[in-house]
Amino acid sequence: MLDATQAIDPEPVDLADSPLALRGLTVAYGDSPAIEAVDATFQPGQMTAIIGPNGAGKSTLLKSALGIVRPVSGRVTCWGRPLSRQRYRIAYVPQRASVDWDFPTRVLDVVLMGLYRQLGLLGRVRARHRDAAMACLSRVGMEGFATRQIGQLSGGQQQRVFLARALAQGADLYLLDEPLAGVDAATEKAIIDVLKSLKSEGRSIVAVHHDLSTVSTYFERVLLLNRHQIAEGPVLTTFTNANLHITYGGRLAATLPGAGS
Ligand SMILES: Nc1ncnc2c1ncn2[C@@H]1O[C@H](COP(=O)(O)OP(=O)(O)OP(=O)(O)O)[C@@H](O)[C@H]1O
């Protein structure tokens, strides 16, 4: 189900420039489809929010974009090429709830995982790797926690550490699953500041986002999803009350500040 707003998108992006393009993507768990026939071409150097109710398939969309779950049908390309050739250019920050925080690992070791391509097969960590990981930790304000076990961090601190790991990867596309869920205002600002600086470097950001009141402040584009893609495009023309009502099945009681009519 595509919305008419797509037709007035001012600058359709060339497939070769798009960090992520989904074509007719359908993913199922057993017999139950989680997303169906999603067609989206994400814009380079932009921040895009994926929005939809619980169970709409948002995490599934990110996981299929990363090759973690295999589609039943459809295709994923990154910069116009098959995902398998471009996977190293994509960083992923998973939903916090999906991570085993009891795993005995220090903060610095988590961030060093982002440097896996530089560490090579033997994984020998040298001073320059530690310095690079520390620089990423300080970018998210977590340099004082390098030797802490990850299980001993607060939720917001855990989120920052995973963002630091993604930064260490030096990716061109960042996929984040609810990066702002359950974090306080200071952490939210810290994360948004980092994402904006990535964007200013020309990198692309796609984030699952639940707080409808901040969509138009933080993002330029939205993809509205409820198993089917409801609409995709610029916030101004796509994040409308009409589209939100379709997306949430009429369950949103009031009109939203920041949303178009
Ligand atoms: N591993 C799995 N096995 C079976 N079904 C799954 C699995 N993962 C997700 N699902 C189902 O697929 C559908 C989409 O789930 P998904 O987690 O992608 O939704 P979501 O939009 O990210 O939800 P939320 O906002 O609650 O995080 C749901 O009905 C969910 O129960």
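Coordinates for the structure precede this section.
Residues numbered from 1 in each chain as written. Predicted model: local features only at pLDDT ≥ 70, side-chain atom pairs only at ≥ 80, totals over all residues. Heavy atoms only, no water.

## Details of helix α1 (residues 58-65)
Burial analysis of α1 places seven of its eight residues in the buried class, the great majority of the element. Looking only at α1, the buried set comprises K58, S59, T60, L61, L62, S64 and A65. Phi turns positive one or two residues past the end of α1, at G67, with a value near 80 degrees. (Buried < 20%, exposed > 50% of the residue type's maximum accessible area, 1.4 Å probe, protein only. Helix = DSSP H or I, 4+ residues; strand = E, 2+ residues; numbered from the N terminus.)

## Digging into the packing of helix α6 (residues 155-169) against helix α7 (residues 185-200)
Direction vectors running N to C along α6 and α7 enclose 10 degrees, while the axes themselves pass 10 Å from each other. Between α6 and α7, the crossing angle belongs to the class labelled roughly parallel. With respect to the hand of their crossing, α6 and α7 are arranged in left-handed fashion. Residues G156, Q159, R160, L163 and L167 of α6 lie in contact with α7, whose contacting residues are A186, T187, A190, I191, V194, L195 and L198. (Axes fitted to C-alpha atoms, helices over the stretch in contact; angles between N-to-C directions. Parallel < 35°, antiparallel > 145°, perpendicular 65-115°, else oblique. Left-handed = near helix turned anticlockwise from the far one by under 90°. Contact = heavy atoms within 4.5 Å.)

## Quick word on the packing of helix α5 (residues 127-139) against α6
As a packed pair, α5 and α6 sit with axes 8 Å apart at the nearest point and diverge in direction by 130 degrees. Overall, the two elements α5 and α6 adopt an arrangement that is oblique. When you trace α5 past α6, the crossing you get is right-handed. Counted together, C136, L137 and R139 of α5 and V161, A164, L167 and A168 of α6 form the full contact between these two elements. In terms of residue class, the contact of α5 with α6 is made up of six nonpolar, no polar and one charged. (Nonpolar A, V, L, I, M, F, W, Y, C, P; charged D, E, K, R; others polar.)

That is the geometry; function is a separate question.
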